[in-house]
Each structure stands twice: as C-alpha cells, then as structure tokens.
Amino acid sequence: MIEFFADYGMFLLKTLTLVVALGLAVAIVVAASGKGHSSEAGNIEVKSLNERYTHMRETLEDAVLDEASLKKLAKEEKQKLKKEKAEQKKTAKTDTDAGVIKKRVFVLDFDGDIRAQAVDTMREEISAILTIATENDEVVLKLESGGGVVHGYGLAASQLSRIKDKSIPLTICVDKVAASGGYMMACIASKILAAPFAMVGSIGVVAQVPNFHKILKKNDVDYELFTAGEYKRTVTMFGENTDKAREKFSLELEETHELFKDFVGKNRPSIDVPKVATGEVWFGQQAVDLDLVDELGTSDQYLMEASANADVYSVTYKTKKSLQEKLGIGVENALVKTFDRAFKELRDNKFMA
C-alpha cells in the first residue's frame, strides 16, 4: 500500500510538471504572436434594472391576462402614469429649488475566486461610479466568495473603502457565501444583508503545503533550493522542512490572523471579535445574532424594493480581448484549475483568508 501511494505521488508530480511545461510553451507562443498588439480599452456598461423589472412584469401580464383585462390594465396604467408625471413634475420643481436629486442605486457583482481576480473589473466600476455618485446615492455589491489569497482580497476590501471614504452608503448582499476573504470585503459595508442560509464568517487563515521530499529521496532525486535571507523561504514542497521553518511559518500565519481580526474589529466595532474569529462559518440568522450581518434578505428582494423609490442601475466593466489574449487566459485558467484540483488550497508561502 505504501508503495502504491509513493508511485501515485510520483505520477501526480510528473503529470503536474507536464501540464506546467505545456502551459508555459503555449503561453510563450501566445505572447510572441500577440507582441505589439494590445487589447482595446474596456467599457463601462450601464443597464437600468427599473426597466428590466417593468419588462418582466409586462411579459407576464401579456402571457396570463386575457384581452379585456389587458385593455383595462393598460387604461389604468395610462392614468397612473399621467398622475405620476404630474407629481414628478411638481416634486422635481420642489427638489430643484431645494437642490435635491432623485436617489440612484449602483449595483456591482463580485464573484470571487481563489485569487480575487474580479477585483480587476470592480476597481474600474468603482472608479466610474465615484465620478458621479453623491452621498444621496447608494452602491450595492452582490458578493459571493469563499475567500482566497490575502493580498487579493485585501485589495478588494481597499477598493470598497474608496466608496465609504466618499461618504456614499455601501450595502453588501450575500446570497450564498461571504467567508474568509469574502467577509473581509463584506465588513467594509455600511449595511450587510444575508440570505437565511448564506454562509458568513470564517475569520481565520489557512495554509496547506504538500511535501514530496520523501518520495524524491526514495527515488534518489535531489532537490536544491538557494536563498539569500534567513526566512526568504520557510516550508517548501520539495525540500526537507525543518522545525525552525515550520515554527516561522506558523508565526507568520498567526500574525496574518491578528491583522484580519483587527481589520474586522475596526470596520464592525460592535462584533465580539474573539468570539467569532475562530474560523467558524455561520448561517444567516446566526450571523445576525452575532452581528456579523445586519439583516436577513436576498439581493433580489432588496433591489426590487429599492427600485420603487430610486433609479437602479447595474454597472459592469467589460474589455475586448484579442484572440491571443483569450488563448492566454484560457491556458492560465486551465493551469489554475489543475492546481486547485490537485492541491485544493495550495499556496507557496502566501496565506489565504
């Protein structure tokens, strides 16, 4: 049985080496073929959710109502619209005299992976919103993430802080999960909503590093690592790890956890940090009781209710990529998936929150 696992480990190592080699070869070809050609600048796309909800309602009405009911409804809608326009005209004059502008709600989506790659588009979306948003408006982020690398989610949280620094209300809706690095982002919000069975919390740090030293040694393979600096590298995948290296690695892990806890405490001062910073995950109602979130509710419910009194807009940043860039991204994502499946949350001395 031991021989089987050793052989399997060597097979896995060879497979990963082959995948990396092929990936690098393809990436080099793609980079060479795309040299001198850059993708066009990205564009901000804005869609009215008010119009979307209206279209949904009208589509259902056409499907389920008979002709007489539709005519009656159309007449009622016409009268209602006429009345609303008159009221809006009157209100607009009053608001103009008072310097009041109708509230706008800007909606962003963040679907986070292990490296928080969505921050690349979110930063552009936030920059665009900040060019026109005021304290009377609101930004809503639909957040879904189980966490990932600390530096990636740290940057994502910093981008959200730009909104609060402008005194613009920031609401974060968690429909499924905002854990670890995801909660690092969520705690920035002025208000956090979570669905009843959304998973929230995991205020902890984890690091997993497989080690193949015994397999290499058994097969007479030497692995040499050269560094300058006592702690340039602590634990490794292929070298023999020492107790001193493990101790230093654990110390850095604890230091990162302390920074995480301090960050949560600063942004959610009402939280009992020692009680919740155990790495545990809680569902919606439990999270409310622990003050990890403020209310129960889904993003759909919140945005539809907001559309009754505000103009709600979905804001996304999209780029046009060349064929070479698409191929390069495809190779990169394939490599990431391969390593994620093989080692799950593998990192090379970079902690994950």
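As shown above, the structure is provided for reference.
The structure presented is a predicted model; accordingly, all values stated were derived computationally and were not measured. (Residues numbered from 1 in each chain as written. Predicted model: local features only at pLDDT ≥ 70, side-chain atom pairs only at ≥ 80, totals over all residues. Heavy atoms only, no water.)

**Student:** Please give an account of helix 2 (residues 49-64) that cites residues and values.
**Tutor:** Helix length check: helix 2, at 16 residues, gives a terminal C-alpha distance of 23 Å against a target of 22 Å (1.5 Å per residue), a fit within 8%. Among the residues of helix 2, Leu-49, Asn-50, Tyr-53 and Glu-61 are the ones counted as buried. One face of helix 2 carries all of its buried residues, which in axial projection span an arc of 120°. Among the exposed residues of helix 2, those pointing more than 90 degrees away from its buried face are Glu-51, His-55, Asp-62 and Ala-63. The backbone nitrogen of Asn-50 has a side-chain oxygen 3.4 Å away, supplied by the residue at the start of helix 2, namely Ser-48. (Helix = DSSP H or I, 4+ residues; strand = E, 2+ residues; numbered from the N terminus. Expected span 1.5 Å × (residues − 1). Buried < 20%, exposed > 50% of the residue type's maximum accessible area, 1.4 Å probe, protein only. Arc of directions from axis to C-beta. Polar contact = N/O pair within 3.5 Å; in protein donor to acceptor, adjacent residues only side chain to side chain.)

**Student:** Quick rundown of the packing of helix 4 (residues 119-130) against helix 5 (residues 150-165)? Include the residues and the values.
**Tutor:** Taken N-terminus to C-terminus, the directions of helix 4 and helix 5 make an angle of 10°; their axes are 10 Å apart at the nearest point. Viewed along their axes, helix 4 and helix 5 adopt a mutual orientation that is roughly parallel. The segment helix 4 lies against helix 5, with Val-119, Met-122, Arg-123, Ile-126, Ser-127 and Leu-130 engaging Leu-155, Ala-156, Gln-159, Leu-160, Arg-162 and Ile-163. Partitioning the contact of helix 4 with helix 5 into residue classes produces 8 nonpolar, 2 polar and 2 charged. (Axes fitted to C-alpha atoms, helices over the stretch in contact; angles between N-to-C directions. Parallel < 35°, antiparallel > 145°, perpendicular 65-115°, else oblique. Contact = heavy atoms within 4.5 Å. Nonpolar A, V, L, I, M, F, W, Y, C, P; charged D, E, K, R; others polar.)

**Student:** Describe the side chain of Lys-261, with residues and values.
**Tutor:** Structurally, Lys-261 is set in helix 8 (residues 243-267). There is a polar contact of 2.9 Å between the side chain of Lys-261 and the side chain of Glu-258. Other than its neighbours up to four places away in sequence, Lys-261 contacts Val-273 and Ala-277.

**Student:** Before we move on, can you summarise the pattern of salt bridges with the specific residues and values?
**Tutor:** Inspection of the entire model under this criterion finds 12 salt bridges. Note that Asp-311 and Lys-102 form a salt bridge whose closest N and O atoms lie 3.4 Å from each other. Of the two residues, Asp-311 is situated in strand 9 (residues 311-318) and Lys-102 in the loop between helix 3 (67-98) and strand 2 (104-111); the sequence distance between them amounts to 209 residues. A salt bridge links Lys-261 to Glu-258; the nearest nitrogen and oxygen atoms lie 2.9 Å apart. One end of the pair, Lys-261, and the other, Glu-258, are both in helix 8, 3 residues apart, so they sit about a helical turn from each other. Look at Glu-258 and you get partly exposed, because its relative accessible area is 38%. Salt bridges here are not isolated pairs; linked through shared partners, they connect Arg-268, Asp-291 and Asp-294. (Salt bridge = Lys/Arg side-chain N within 4 Å of Asp/Glu carboxyl O.)

**Student:** Quick rundown of a nonpolar patch on the surface? Include the residues and the values.
**Tutor:** Together, Phe-197, Met-199, Val-281 and Phe-283 line one region of the surface with nonpolar side chains, adding up to about 410 Å² of accessible area. Position of Phe-197 among the secondary structure elements: in the loop between strand 5 (191-194) and strand 6 (199-201). (Patch = residues over 30% accessible without salt bridge, like charges linked within 9 Å, V, L, I, M, F, W, Y side chains within 5 Å. Areas by Shrake-Rupley, 256 points an atom, 1.4 Å probe, with all protein chains shown as cover.)

**Student:** Requested: an account of unusual backbone geometry, with residues and values cited.
**Tutor:** Notably, Ser-180 is not glycine yet its phi reads approximately 55°, a positive angle. Checked against the element boundaries, Ser-180 lands in the loop between strand 4 (170-179) and helix 6 (181-186). Of the residues examined, Ser-180 reaches a relative accessible area of 7% and is grouped as buried. Backbone geometry places Ser-202, a non-glycine residue, at a positive phi of 55°. Its location among the elements puts Ser-202 in the loop between strand 6 and helix 7 (213-218). On the accessibility criterion, Ser-202 (17% relative accessible area) is buried.

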